[in-house]
Amino acid sequence: MFPQQYYQHVIHTPLVRYQGPLAPRSELWLKDETKQVGKSFKFRGTYHRLLEEAPETTVVTASTGNHGMGVSLAAQLLNLRVQVFVPAHISAVKAEKLVQLGANVEKVAGGYDECVQEALRFSRETGAPYISSLDDPSVIHGHSSLFREIREQAEEDLDALLLPVGGGGLLAGCLECYQGSGMHIIGVELECVPSMKIALESNERVLLPPARSMAEGMLVRQAGVLPLERARAYPRFDVELISEEEIQHMLYLLWKHNDIRAEGAGASAVAAALRYLENHPGQRIAAVISGGNIDEETFQIATRKYRVEEASTR
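Note that this is a predicted model, so its numbers are computed, not measured.

S.K.: Got a sec to walk through the nonpolar core? Specific residues and values, please.
M.R.: Ranked by size, the top nonpolar core spans 40 residues in total, and within it Tyr18, Leu28, Leu162, Met250, Leu254 and Val270 carry the most contacts. Counting residues per element, the ones that place at least two in this core are β2 (27-32), β6 (160-164), β7 (184-190), α9 (244-258), α10 (264-279), β9 (284-289) and α11 (296-312). Looking at this core element by element, the count peaks at ten residues for α10. What Val270 contacts, discounting residues up to four positions off in sequence, is Tyr18, Leu28, Leu30, Met250, Leu254, Ala287 and Ile289. Grouped together as the second largest cluster of nonpolar side chains are 29 residues, Ile150, Ala154, Ala223 and Phe237 included.

Next up, the structure:
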């Protein structure tokens, strides 16, 4: 299904059992993409896209960080230049890594959607191909490799699979892999930006107001076209909303008890999975930890409350 060269660079990331004080009697398995190249699932799709149809010189994209790093890492392997448009409030660690990877980075006032407009303008003016994180079928197919691995790694059938949803590129890859399987797929969105949930309920792509969250990878105000089409067509797809506090708590639990340092978006599906198991005891489920690029300051602020509480009980 994937060319031999693909897995010369893409890593088969581990599927590990969740540990921690809230570990339920049910089984929760974690697909840990913090161990992927670039500490994010994004390399899977971007490398597949450029490997399948590499341009001659330059590519352009819009990103809140991880997608841009995925494009830059893939471009390095194929000797391409990269132009990345990012939000002005991009996390420091992601901005720094983009520069280290050789990308030409331009900050844009506003969020992801404003970055997309700038990237498309650059593409029109220069002819550089625009690499979408949401609506490129080749990128989406690359993401499906993550779920093919889960199907191979899970020794028994799963009852449900949870994953974070920004604009829906990862979700579209998931639905591609599980189409016709009967698997219950649950997309996890931020309470402040439920773009996929609202699109499904209103039967149209709605541009939501700007919002802020430490899970910047999920701050996409409008669902992608292809992800929405696939979500509509999939018979067992639901959306769960997650709060900022739930994400922060899960960052702490993953770090302390599972030795996984996730970013906000990366922890979101695991937080929702624990809540899901409270209402569905005895099930065997998996959750995707989508990335681990988090600023040290952000991590310390997010987990401080729980570190202080633990210290007070010693």
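S.K.: Can you lay out the side chain of Thr58 for me, pointing to particular residues and giving the numbers?
M.R.: Note that Thr58 resides in strand β3 (residues 58-62). Accessibility expressed as a relative area gives 16% for Thr58, which makes it buried. Sequence-distant contacts of Thr58, defined by excluding residues within four places in its chain, comprise Arg81, Ala128 and Pro129.

S.K.: An account of the packing of helix α6 (residues 169-178) against helix α8 (residues 225-233) is needed here, citing residue identities and associated values.
M.R.: Two numbers describe how α6 lies on α8: the axes approach to 8 Å, and their chain directions differ by 40°. With respect to α8, the axis of α6 lies oblique. Considering the relative orientation of α6 and α8, their crossing is left-handed. Residue-level inspection shows Gly169, Leu171, Ala172, Leu175 and Glu176 of α6 in contact with α8, the latter providing Pro227, Arg230 and Ala231. Taken together, the residues of the contact of α6 with α8 sort by class into five nonpolar, one polar and two charged.

S.K.: Summarise the sheet that holds β3; cite the residues concerned and give the values.
M.R.: Taken together, the three strands give an open sheet; going across it, the order is β3-β4-β5, and neighbouring strands pair in parallel fashion. The outermost strands of the open sheet, each flanked by one partner alone, are β3 and β5 (104-108). Each adjacent strand pair in this sheet contributes to an overall mean axis angle of 15°, direction not counted. Bridge analysis of β3 against strand β4 (residues 81-87) gives five bridges, and the strand direction is parallel. Of the residues in β4, the one forming a bridge with Ala62 is Phe85.

S.K.: Explain α10 to me, and be specific about the residues and the numbers.
M.R.: Between its terminal C-alpha atoms α10 stretches 24 Å, which fits the 22 Å expected from 16 residues at 1.5 Å a residue. Most of α10 sits inside the fold, with 13 of its 16 residues counted as buried.

S.K.: Lay out the sheet that holds β2 in plain terms, naming residues and giving numbers.
M.R.: Sheets are built from strands paired through backbone hydrogen bonds, the pairs being either parallel or antiparallel. Within the open sheet, the six strands sit side by side as β1-β2-β9-β6-β7-β8. Their pairing is mixed. Edge strands, defined here as strands with exactly one partner in the open sheet, are β1 (15-17) and β8 (237-242). Neighbour to neighbour, the strand axes of the sheet diverge by 25° on average, direction disregarded. Pairing of β1 with β2, which is carried by three bridges, proceeds in the antiparallel orientation. Paired with Arg17 across the bridge in β2 is Trp29. Where α6 meets the sheet, it contacts β6, β7, β8 and β9, and its direction lies at approximately 160° from that of β6. Taken strand by strand, helix α7 (residues 195-202) contacts β7 and β8, and its axis lies near 135° from that of β8.

S.K.: Tell me about the pairing of β2, and please be specific about residues and values.
M.R.: Each regular strand displays side chains that alternate between the two surfaces of the sheet. Summarising burial for β2: five of the six residues are buried, a large majority. Here β2 pairs with β9 via six bridges, running parallel. Bridge pairing in β9 places Asp32 opposite Ile289.

S.K.: Give me the environment of Cys115: which residues, what numbers.
M.R.: Mapped onto the fold, Cys115 is located in helix α4 (residues 112-126). A relative accessible area of 0% means that Cys115 is categorised as buried. Sequence separation between Cys115 and Thr61 is 54 residues; the distance between their C-alpha atoms is 8.4 Å. Ignoring sequence-local partners within four residues, the contact set of Cys115 consists of Ala62, Phe85, Val86, Pro87 and Val108.

S.K.: Please give an account of the side chain of Gln36 that cites residues and values.
M.R.: Within the element layout of this structure, Gln36 appears in the loop between β2 and α1 (42-52). For Gln36, a relative accessible area of 3% translates into the label buried. If near-sequence neighbours (up to four positions away) are discounted, Gln36 is found in contact with Val10, Ile11, Thr13, Phe43 and Arg44.

The rules behind these values
- Residues numbered from 1 in each chain as written.
- Predicted model: local features only at pLDDT ≥ 70, side-chain atom pairs only at ≥ 80, totals over all residues.
- Heavy atoms only, no water.
- Core = buried A, V, L, I, M, F, W, Y, C linked by side-chain atoms within 4.5 Å.
- Buried < 20%, exposed > 50% of the residue type's maximum accessible area, 1.4 Å probe, protein only.
- Helix = DSSP H or I, 4+ residues; strand = E, 2+ residues; numbered from the N terminus.
- Contact = heavy atoms within 4.5 Å.
- Axes fitted to C-alpha atoms, helices over the stretch in contact; angles between N-to-C directions.
- Parallel < 35°, antiparallel > 145°, perpendicular 65-115°, else oblique.
- Left-handed = near helix turned anticlockwise from the far one by under 90°.
- Nonpolar A, V, L, I, M, F, W, Y, C, P; charged D, E, K, R; others polar.
- Pairing = 2+ DSSP bridges.
- Expected span 1.5 Å × (residues − 1).

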